[in-house]
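Examining the three-dimensional arrangement
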Amino acid sequence: MNNLISLELVRMLKKARKITVLTGAGTSAESGVPTFRDAQEGIWAHYDPQELATTQAFRRNPRLVWEWYEWRRNRIRAATPNPGHYALAQMASLVKNLTLITQNVDGLHQLAGSRDVIELHGNILRNKCFKEKNIVDTWTENGSVPPRCPECGDFLRPDVVWFGETLPGEALKLALQASASCDVFLSAGTSTIVEPAASLPFLALRSGACVVEINPVPTPLTMSATYVLSGYSGEIIPHLINHVWGETIRYQ
Ligand code: OAD
(Lines give C-alpha, C1' and ligand atoms only; values in the text may rest on other atoms or scores of the structure.)
Protein backbone atom coordinates (compact mmCIF):
# COMPACT_ATOMS: atom_id res chain seq x y z
CA MET A 1 0.00 0.00 0.00
CA ASN A 2 3.03 2.29 0.37
CA ASN A 3 2.89 2.94 -3.39
CA LEU A 4 -0.57 4.38 -2.94
CA ILE A 5 0.62 7.24 -0.76
CA SER A 6 2.94 9.57 -2.64
CA LEU A 7 5.81 11.35 -0.92
CA GLU A 8 4.14 14.61 -1.80
CA LEU A 9 0.99 13.61 0.07
CA VAL A 10 3.02 12.46 3.08
CA ARG A 11 4.73 15.86 3.20
CA MET A 12 1.43 17.67 2.80
CA LEU A 13 -0.13 15.77 5.71
CA LYS A 14 2.94 16.15 7.91
CA LYS A 15 3.08 19.89 7.56
CA ALA A 16 -0.69 20.45 7.70
CA ARG A 17 -1.70 22.75 10.52
CA LYS A 18 -5.39 22.20 10.03
CA ILE A 19 -7.01 19.02 8.74
CA THR A 20 -10.75 18.67 8.24
CA VAL A 21 -12.24 15.22 7.80
CA LEU A 22 -15.67 14.39 6.39
CA THR A 23 -16.89 10.83 6.88
CA GLY A 24 -19.84 8.94 5.46
CA ALA A 25 -21.45 5.54 5.81
CA GLY A 26 -18.46 3.80 4.18
CA THR A 27 -16.33 4.47 7.27
CA SER A 28 -18.74 2.36 9.34
CA ALA A 29 -19.14 -0.38 6.72
CA GLU A 30 -16.25 -2.36 8.19
CA SER A 31 -18.07 -2.25 11.55
CA GLY A 32 -21.01 -4.04 9.94
CA VAL A 33 -23.26 -0.97 9.64
CA PRO A 34 -24.77 -0.98 6.14
CA THR A 35 -24.18 1.97 3.81
CA PHE A 36 -27.09 3.65 2.00
CA ARG A 37 -26.29 3.50 -1.70
CA ASP A 38 -24.15 0.41 -2.27
CA ALA A 39 -26.01 -1.64 -4.86
CA GLN A 40 -26.32 -4.92 -2.92
CA GLU A 41 -26.00 -4.09 0.77
CA GLY A 42 -27.09 -0.45 0.79
CA ILE A 43 -30.13 0.45 2.92
CA TRP A 44 -31.82 2.35 0.08
CA ALA A 45 -31.51 -0.72 -2.16
CA HIS A 46 -33.97 -2.47 0.15
CA TYR A 47 -36.12 0.29 1.61
CA ASP A 48 -37.84 3.35 0.16
CA PRO A 49 -36.62 6.49 1.95
CA GLN A 50 -39.92 8.23 1.17
CA GLU A 51 -41.71 5.58 3.28
CA LEU A 52 -39.28 5.65 6.20
CA ALA A 53 -37.18 8.79 6.37
CA THR A 54 -39.46 11.79 5.89
CA THR A 55 -41.82 13.71 8.21
CA GLN A 56 -44.68 12.74 5.88
CA ALA A 57 -43.84 9.05 6.32
CA PHE A 58 -43.80 9.49 10.11
CA ARG A 59 -47.18 11.26 10.05
CA ARG A 60 -48.61 8.48 7.87
CA ASN A 61 -47.27 5.56 9.87
CA PRO A 62 -45.34 6.54 13.02
CA ARG A 63 -45.21 2.96 14.29
CA LEU A 64 -43.59 1.62 11.11
CA VAL A 65 -40.98 4.38 11.06
CA TRP A 66 -40.21 4.04 14.79
CA GLU A 67 -39.86 0.25 14.53
CA TRP A 68 -37.61 0.53 11.48
CA TYR A 69 -35.32 2.90 13.41
CA GLU A 70 -35.40 0.55 16.41
CA TRP A 71 -34.19 -2.21 14.11
CA ARG A 72 -31.35 -0.01 12.82
CA ARG A 73 -30.50 1.09 16.37
CA ASN A 74 -30.18 -2.49 17.52
CA ARG A 75 -27.70 -3.20 14.73
CA ILE A 76 -25.77 -0.06 15.60
CA ARG A 77 -25.74 -0.83 19.34
CA ALA A 78 -24.16 -4.19 18.51
CA ALA A 79 -21.48 -2.58 16.32
CA THR A 80 -18.01 -1.57 17.49
CA PRO A 81 -15.58 0.94 15.96
CA ASN A 82 -13.19 -0.34 13.29
CA PRO A 83 -9.51 0.60 12.76
CA GLY A 84 -10.55 3.58 10.59
CA HIS A 85 -12.50 5.11 13.50
CA TYR A 86 -9.58 4.56 15.90
CA ALA A 87 -7.11 5.98 13.41
CA LEU A 88 -9.14 9.18 13.05
CA ALA A 89 -9.34 9.55 16.84
CA GLN A 90 -5.57 9.14 16.99
CA MET A 91 -4.99 11.59 14.14
CA ALA A 92 -6.52 14.30 16.33
CA SER A 93 -3.61 13.92 18.75
CA LEU A 94 -1.04 14.16 15.94
CA VAL A 95 -2.32 17.25 14.16
CA LYS A 96 -2.47 20.74 15.67
CA ASN A 97 -6.04 21.27 14.64
CA LEU A 98 -8.35 18.54 13.40
CA THR A 99 -12.07 18.85 12.82
CA LEU A 100 -14.11 15.72 12.28
CA ILE A 101 -17.41 16.16 10.46
CA THR A 102 -19.61 13.11 10.01
CA GLN A 103 -22.79 12.31 8.15
CA ASN A 104 -23.06 9.14 10.22
CA VAL A 105 -25.65 8.88 12.94
CA ASP A 106 -24.14 5.83 14.68
CA GLY A 107 -21.84 7.50 17.24
CA LEU A 108 -18.95 5.13 16.39
CA HIS A 109 -16.40 7.96 16.05
CA GLN A 110 -17.16 9.03 19.62
CA LEU A 111 -16.93 5.41 20.83
CA ALA A 112 -13.45 5.24 19.27
CA GLY A 113 -12.42 8.34 21.25
CA SER A 114 -13.04 11.24 18.85
CA ARG A 115 -14.17 14.41 20.59
CA ASP A 116 -16.21 17.38 19.37
CA VAL A 117 -17.51 15.42 16.39
CA ILE A 118 -19.73 17.57 14.17
CA GLU A 119 -22.79 15.42 13.50
CA LEU A 120 -24.40 16.84 10.37
CA HIS A 121 -27.28 14.35 10.25
CA GLY A 122 -27.93 13.91 13.98
CA ASN A 123 -27.58 10.77 16.09
CA ILE A 124 -29.84 7.76 15.85
CA LEU A 125 -29.37 6.88 19.53
CA ARG A 126 -30.95 10.18 20.62
CA ASN A 127 -34.65 11.03 20.49
CA LYS A 128 -36.57 14.24 20.25
CA CYS A 129 -40.16 15.39 20.44
CA PHE A 130 -41.79 15.31 16.98
CA LYS A 131 -43.66 18.54 17.72
CA GLU A 132 -41.34 20.63 19.89
CA LYS A 133 -38.01 19.18 18.61
CA ASN A 134 -36.44 19.20 22.12
CA ILE A 135 -34.17 16.25 23.01
CA VAL A 136 -35.87 13.70 25.28
CA ASP A 137 -33.68 11.22 27.19
CA THR A 138 -36.23 9.48 29.40
CA TRP A 139 -39.90 8.69 29.20
CA THR A 140 -42.38 6.31 30.78
CA GLU A 141 -43.12 3.14 28.83
CA ASN A 142 -46.90 2.85 28.61
CA GLY A 143 -47.19 0.66 25.53
CA SER A 144 -47.28 3.54 23.07
CA VAL A 145 -45.25 2.98 19.89
CA PRO A 146 -43.60 5.41 19.30
CA PRO A 147 -43.34 6.47 22.94
CA ARG A 148 -44.80 9.82 23.98
CA CYS A 149 -43.01 13.02 24.94
CA PRO A 150 -43.27 13.44 28.75
CA GLU A 151 -43.75 17.22 28.28
CA CYS A 152 -46.39 17.57 25.57
CA GLY A 153 -47.61 14.02 24.88
CA ASP A 154 -46.72 14.08 21.18
CA PHE A 155 -44.75 11.22 19.64
CA LEU A 156 -40.99 10.87 20.05
CA ARG A 157 -38.82 10.39 16.96
CA PRO A 158 -35.14 9.69 16.40
CA ASP A 159 -32.91 12.78 16.34
CA VAL A 160 -31.79 12.30 12.74
CA VAL A 161 -32.19 14.52 9.71
CA TRP A 162 -34.87 13.21 7.38
CA PHE A 163 -35.18 13.96 3.66
CA GLY A 164 -36.60 17.44 3.18
CA GLU A 165 -35.44 18.65 6.62
CA THR A 166 -32.75 21.23 7.24
CA LEU A 167 -29.49 20.31 8.94
CA PRO A 168 -28.77 21.45 12.51
CA GLY A 169 -27.72 25.08 11.98
CA GLU A 170 -24.73 25.22 14.34
CA ALA A 171 -23.28 21.93 13.02
CA LEU A 172 -23.55 23.15 9.43
CA LYS A 173 -21.99 26.50 10.30
CA LEU A 174 -19.01 24.82 11.98
CA ALA A 175 -18.65 22.36 9.09
CA LEU A 176 -18.59 25.18 6.52
CA GLN A 177 -16.02 27.12 8.56
CA ALA A 178 -13.79 24.06 9.01
CA SER A 179 -13.98 23.20 5.31
CA ALA A 180 -13.12 26.73 4.17
CA SER A 181 -10.14 27.10 6.50
CA CYS A 182 -8.18 23.82 6.36
CA ASP A 183 -4.89 22.92 4.64
CA VAL A 184 -5.97 19.34 3.99
CA PHE A 185 -9.50 17.96 3.64
CA LEU A 186 -10.02 14.20 3.89
CA SER A 187 -13.26 12.84 2.44
CA ALA A 188 -13.72 9.23 3.53
CA GLY A 189 -16.45 6.71 2.79
CA THR A 190 -19.03 9.03 1.32
CA SER A 191 -20.73 8.92 -2.08
CA THR A 192 -20.53 12.77 -2.19
CA ILE A 193 -24.10 12.95 -3.39
CA VAL A 194 -26.21 14.21 -0.50
CA GLU A 195 -26.21 17.99 -0.05
CA PRO A 196 -25.09 20.09 1.65
CA ALA A 197 -22.37 17.69 2.90
CA ALA A 198 -21.39 16.88 -0.70
CA SER A 199 -20.38 20.51 -1.26
CA LEU A 200 -17.89 20.61 1.63
CA PRO A 201 -14.89 19.07 -0.20
CA PHE A 202 -15.52 21.41 -3.15
CA LEU A 203 -15.61 24.38 -0.77
CA ALA A 204 -12.28 23.19 0.64
CA LEU A 205 -10.83 22.94 -2.89
CA ARG A 206 -11.99 26.46 -3.76
CA SER A 207 -10.44 27.69 -0.53
CA GLY A 208 -7.05 26.30 -1.53
CA ALA A 209 -6.96 23.04 0.45
CA CYS A 210 -5.52 19.78 -0.77
CA VAL A 211 -8.43 17.32 -0.94
CA VAL A 212 -7.86 13.62 -0.40
CA GLU A 213 -10.59 11.11 -1.16
CA ILE A 214 -10.65 7.64 0.44
CA ASN A 215 -13.16 5.34 -1.24
CA PRO A 216 -12.96 2.06 -3.16
CA VAL A 217 -15.38 3.44 -5.77
CA PRO A 218 -15.24 6.70 -7.79
CA THR A 219 -17.63 9.49 -6.75
CA PRO A 220 -18.48 12.95 -8.15
CA LEU A 221 -15.46 14.20 -6.16
CA THR A 222 -12.91 11.81 -7.64
CA MET A 223 -12.10 13.82 -10.78
CA SER A 224 -11.52 16.99 -8.75
CA ALA A 225 -9.72 15.53 -5.72
CA THR A 226 -6.02 16.33 -5.33
CA TYR A 227 -5.31 12.72 -4.27
CA VAL A 228 -7.46 9.62 -4.49
CA LEU A 229 -6.68 6.69 -2.20
CA SER A 230 -8.77 3.93 -3.64
CA GLY A 231 -9.63 1.40 -0.93
CA TYR A 232 -11.21 0.83 2.47
CA SER A 233 -11.01 3.50 5.15
CA GLY A 234 -10.39 0.86 7.81
CA GLU A 235 -7.15 -0.02 6.04
CA ILE A 236 -6.07 3.28 4.50
CA ILE A 237 -6.48 5.62 7.49
CA PRO A 238 -4.46 3.39 9.88
CA HIS A 239 -1.86 3.15 7.14
CA LEU A 240 -1.68 6.95 6.92
CA ILE A 241 -1.13 7.17 10.68
CA ASN A 242 1.69 4.70 10.38
CA HIS A 243 3.26 6.00 7.21
CA VAL A 244 2.94 9.74 7.81
CA TRP A 245 3.33 10.02 11.59
CA GLY A 246 5.16 6.78 12.35
CA GLU A 247 2.59 5.62 14.90
CA THR A 248 0.79 2.34 15.28
CA ILE A 249 -2.90 2.36 15.98
CA ARG A 250 -4.06 2.39 19.58
CA TYR A 251 -7.30 0.55 20.16
CA GLN A 252 -8.86 2.03 23.26
P1 OAD B 1 -23.58 6.28 0.84
O2 OAD B 1 -24.18 4.93 1.09
O3 OAD B 1 -24.27 7.17 -0.13
O4 OAD B 1 -22.08 6.08 0.33
C5 OAD B 1 -21.17 5.25 0.98
C6 OAD B 1 -19.85 5.36 0.27
O7 OAD B 1 -18.89 4.63 1.01
C8 OAD B 1 -19.85 4.79 -1.16
O9 OAD B 1 -19.26 5.74 -2.04
C10 OAD B 1 -18.99 3.53 -1.04
O11 OAD B 1 -18.22 3.28 -2.21
C12 OAD B 1 -18.08 3.89 0.11
N13 OAD B 1 -17.57 2.75 0.88
C14 OAD B 1 -18.13 1.55 1.11
N15 OAD B 1 -17.37 0.81 1.93
C16 OAD B 1 -16.26 1.56 2.22
C17 OAD B 1 -15.11 1.37 3.03
N18 OAD B 1 -14.91 0.26 3.74
N19 OAD B 1 -14.20 2.38 3.10
C20 OAD B 1 -14.40 3.53 2.42
N21 OAD B 1 -15.46 3.76 1.64
C22 OAD B 1 -16.40 2.80 1.56
O23 OAD B 1 -23.39 6.97 2.27
P24 OAD B 1 -23.19 8.53 2.59
O25 OAD B 1 -22.35 9.18 1.56
O26 OAD B 1 -22.79 8.61 4.00
O27 OAD B 1 -28.51 10.62 5.25
O28 OAD B 1 -24.69 9.04 2.45
C29 OAD B 1 -25.00 10.35 2.80
C30 OAD B 1 -26.34 10.41 3.48
O31 OAD B 1 -27.33 9.75 2.67
C32 OAD B 1 -26.41 9.63 4.79
O33 OAD B 1 -25.91 10.37 5.89
C34 OAD B 1 -27.88 9.38 4.92
C35 OAD B 1 -28.21 8.96 3.52
O36 OAD B 1 -29.51 9.12 3.11
C37 OAD B 1 -29.37 10.69 6.27
O38 OAD B 1 -29.69 9.73 6.93
C39 OAD B 1 -29.91 12.05 6.48
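Structural data are supplied above this passage.
Everything in this summary refers to the structure shown in the same document. What you are looking at is a predicted structure, and each value in this text was computed from that prediction instead of being measured.

1. Comments concerning the overall build of the protein
A count of helical and extended segments in the protein gives 11 helices and nine strands. What you see for the protein is a C-alpha radius of gyration of 19 Å, in line with the 18 Å of a compact globule of 252 residues. Each principal axis of the C-alpha atoms in the protein carries an extent, and together these give about 60 × 35 × 35 Å. A total of 252 residues make up the protein; the buried ones form 52% of that total. Sequence separation of 24 or more characterises 66% of the internal contacts of the protein that already satisfy a separation of 6 or more. When the accessible surface of the protein is summed, it comes to about 12200 Å², and 51% of that surface belongs to carbon and sulfur atoms. Measuring between centres, the 24 positive side-chain charges of the protein sit 5 Å from its 24 negative side-chain charges.

2. Description of the nonpolar core
If you look at the biggest cluster of nonpolar residues, it comprises 31 residues, and the most contacted ones within it are Ile 19 and Met 91. Taken together, the elements giving at least two residues each to this core come down to helix H1 (7-15), strand S1 (18-23), helix H7 (83-94), strand S2 (97-102), strand S7 (184-188), strand S8 (210-214), strand S9 (227-229) and helix H11 (233-245). Per element, the largest residue contribution to this core is six residues, and it comes from H11. In contact with Ile 19, other than residues within four places in its own chain, are Leu 13, Val 95, Asn 97, Leu 98, Thr 99, Cys 182, Val 184, Leu 186 and Trp 245. Of all hydrophobic cores here, the second largest spans 19 residues; its members include Ala 57, Ala 79, Phe 130 and Trp 162.

3. Section: the site of the ligand
Near the ligand lie 24 residues; those nearest to it are Phe 36, Arg 37, His 121, Thr 190 and Ser 191. Interatomic distance of 3.2 Å between a backbone N/O atom of Gln 103 and an oxygen atom of the ligand. A distance of 2.8 Å separates an oxygen atom of the ligand from a polar atom in the side chain of Asn 215. Computed on the free molecule, the ligand has an accessible area of 800 Å², of which 93% lies beneath the protein chains in the complex. When the residues that make up the shell around the ligand are grouped by side-chain class, the tally is 10 nonpolar, 11 polar and three charged.

4. A word on H7
The terminal C-alpha atoms of H7, which comprises 12 residues, lie 16 Å apart, in line with the 16 Å expected from a rise of 1.5 Å per residue. Those residues of H7 that sit buried are Gly 84, His 85, Tyr 86, Ala 87, Leu 88, Ala 89, Gln 90 and Met 91. Against S1, helix H2 (26-29), S2, helix H8 (108-111), S7 and H11 lie the buried residues of H7.

5. Concerning the packing of aromatic side chains
Using the criterion set out here, one finds 11 aromatic pairs in the structure. Both rings, one in Trp 44 and one in Trp 68, keep their centres 5.9 Å apart while their planes meet at 25 degrees; by these two values the pair is stacked. With Trp 44 in helix H3 (residues 43-46) and Trp 68 in helix H6 (residues 62-77), the pair connects residues that are 24 residues apart, well separated along the chain. Take Trp 44 and Trp 68: they sit in the same class, and that class is buried. Ring centres 4.7 Å apart and planes at 40 degrees place the aromatic pair Phe 58 and Phe 130 in the tilted group. Here Phe 58 is found in helix H5 (residues 55-60), whereas its partner Phe 130 is found in the loop between strand S4 (122-129) and strand S5 (135-136), with 72 residues between them in sequence.

6. Observations concerning the packing of H7 against H11
In the contact formed by H7 and H11, the axes pass within 7 Å of each other and the chain directions differ by 30 degrees. By the angle class used here, H7 and H11 are roughly parallel. Here H7 runs over H11; the crossing is left-handed. Along its contact with H7, which presents Pro 83, Gly 84, Ala 87, Leu 88, Gln 90, Met 91 and Leu 94, the element H11 presents Ser 233, Gly 234, Ile 237, Pro 238, Ile 241 and Trp 245. When its residues are assigned to classes, the contact of H7 with H11 shows nine nonpolar, four polar and no charged.

7. Observations regarding the state of the cysteines
Joining two cysteines, a disulfide is a covalent bond between their sulfur atoms. Considering all chains together, one arrives at zero disulfides under this definition. With no disulfide of its own, Cys 129 lies closest to Cys 152 among cysteine sulfurs, the gap being 3.5 Å. The structure places no disulfide on Cys 149, whose sulfur is separated from the nearest cysteine sulfur, that of Cys 129, by 3.9 Å.

Criteria and thresholds
Residues numbered from 1 in each chain as written. Predicted model: local features only at pLDDT ≥ 70, side-chain atom pairs only at ≥ 80, totals over all residues. Heavy atoms only, no water. Helix = DSSP H or I, 4+ residues; strand = E, 2+ residues; numbered from the N terminus. Rg over C-alpha atoms; globule rule 2.2 N^0.38 Å. Buried < 20%, exposed > 50% of the residue type's maximum accessible area, 1.4 Å probe, protein only. Contact = heavy atoms within 4.5 Å. Areas by Shrake-Rupley, 256 points an atom, 1.4 Å probe, with all protein chains shown as cover. Lys, Arg positive; Asp, Glu negative; His and termini not counted. Charge placed at Lys NZ, Arg CZ, Asp CG, Glu CD. Core = buried A, V, L, I, M, F, W, Y, C linked by side-chain atoms within 4.5 Å. Near = heavy atom within 4 Å. Polar contact = N/O pair within 3.5 Å; in protein donor to acceptor, adjacent residues only side chain to side chain. Nonpolar A, V, L, I, M, F, W, Y, C, P; charged D, E, K, R; others polar. Expected span 1.5 Å × (residues − 1). Phe/Tyr/Trp six-rings, centres within 6.5 Å; stacked < 30°, edge-to-face > 60°. Axes fitted to C-alpha atoms, helices over the stretch in contact; angles between N-to-C directions. Parallel < 35°, antiparallel > 145°, perpendicular 65-115°, else oblique. Left-handed = near helix turned anticlockwise from the far one by under 90°. Disulfide = S-S within 2.5 Å.

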